[in-house]
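Each chain, written out:
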Amino acid sequence: MGFLDILLGRTKAVAPDLDQLFGLPSAALTLQAAAGFTPTGTGAVCFASVEGGAFAQAHQEVQELLDADAERTGPPVEVSRDEYGYSWLVSRREPDDLPALVSDLHAVNSALEGSGFGPQLLCSVAGFQDTGQRRLGLVYLYKRGTFYPFAPLAGEAQRRDNALELQVKAVLADDLRIEQDLSRWFPIWGAPGL
């Protein structure tokens, strides 16, 4: 970063650090103890689809890699598309097997990044819920290397529980690299598992 960058307020982009995802299991323990939220066993990686054979091949290889897991119980990895045109690769594990889910999310991100499709990666999300059936997603922003909580309210309207999101931010400040710029806490309406 140069002198002009400092004067003009420009900052360098944070490099993605996929190993941050491995902080989710310990953060889940903190989240359960402090706020009563437990993992749902569902996680997903969101990416912008690209036309072409290379992306289709990379996407297929990632799905085959995750589907080949002999210890996977339940449905295989699935791909869905949201109303905004983004693709989601969804993995489902037992709720108490968050480390395996995190490994799935890491593998998807790493494989797409390794195939040259890092710019298409948007975010990863792991789902949580409490005994009152409130939903919460811990969202990892690929391009920022940070997490933020997303708490959609139940019902048809697209509304968020901002108070819960700020509570979770405070609770997990020591466990995860939390995104400090609240304007980057984008809603992920229709995300699988939320």
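A brief look at the structure comes next.

Pairing between the strands of a sheet comes from backbone hydrogen bonds, and it takes one of two forms, parallel or antiparallel. Spatial strand order, 2-3-1-4-5-6: six strands in an open sheet with antiparallel pairing. Single-partner strands in this sheet number two, and they are strand 2 (78-81) and strand 6 (146-150). Across this sheet, the average inter-strand angle for adjacent strands is 25 degrees, counted without regard to direction. In this structure, strand 5 (residues 135-141) lies alongside strand 6, joined through five bridges in antiparallel fashion. When the bridges of strand 6 are listed, leucine 138 appears paired with proline 149. Lying over the sheet, helix 4 (residues 98-117) contacts strand 1 (38-47), strand 3 (87-92) and strand 4 (121-129), oriented at roughly 5 degrees with respect to strand 1. Against the sheet, helix 5 (residues 162-171) engages strand 5 and strand 6, with an angle of about 145 degrees to strand 6.

Judged by how many residues are buried, strand 1 sits mostly within the fold: eight of 10 residues are covered. Relative to strand 4, strand 1 is paired through seven bridges, and the arrangement is antiparallel. Across the sheet, cysteine 46 pairs through a bridge with cysteine 123, a residue of strand 4. Alignment of strand 1 against strand 3, held across six bridges, turns out to be antiparallel.

On to the packing of helix 2 (residues 24-35) against helix 4, then. At a minimum axis distance of 9 Å, the contact between helix 2 and helix 4 shows a crossing angle of 135 degrees. By the criterion of interaxial angle, the relationship of helix 2 to helix 4 is oblique. As helix 2 packs across helix 4, the resulting crossing turns out to be right-handed. On helix 4, the residues touching Leu24, Pro25 and Ala28 of helix 2 are Leu98, Pro99 and Val102. When its residues are assigned to classes, the contact of helix 2 with helix 4 shows six nonpolar, no polar and no charged.

One side chain can pair with another of opposite charge once the charged atoms of both are near each other. Taken as a whole, this structure holds seven salt bridges when the rule is applied. Here arginine 93 ties to aspartate 104 by a salt bridge, and the two come within 2.9 Å at their closest N and O atoms. Of the two residues, arginine 93 is situated in the loop between strand 3 and helix 4 and aspartate 104 in helix 4; the sequence distance between them amounts to 11 residues. Each member of the pair, arginine 93 together with aspartate 104, is buried.

Before going further, it helps to spend a moment on the environment of alanine 173. Mapped onto the elements of the fold, alanine 173 is located in the segment after helix 5. Classification of alanine 173 by relative accessible area gives partly exposed; the value is 47%. Considering only alpha carbons, one finds alanine 173 and phenylalanine 147, 26 residues apart in sequence, at a separation of 10.0 Å.

Calculation notes
- Residues numbered from 1 in each chain as written.
- Predicted model: local features only at pLDDT ≥ 70, side-chain atom pairs only at ≥ 80, totals over all residues.
- Heavy atoms only, no water.
- Pairing = 2+ DSSP bridges.
- Helix = DSSP H or I, 4+ residues; strand = E, 2+ residues; numbered from the N terminus.
- Axes fitted to C-alpha atoms, helices over the stretch in contact; angles between N-to-C directions.
- Contact = heavy atoms within 4.5 Å.
- Buried < 20%, exposed > 50% of the residue type's maximum accessible area, 1.4 Å probe, protein only.
- Parallel < 35°, antiparallel > 145°, perpendicular 65-115°, else oblique.
- Left-handed = near helix turned anticlockwise from the far one by under 90°.
- Nonpolar A, V, L, I, M, F, W, Y, C, P; charged D, E, K, R; others polar.
- Salt bridge = Lys/Arg side-chain N within 4 Å of Asp/Glu carboxyl O.

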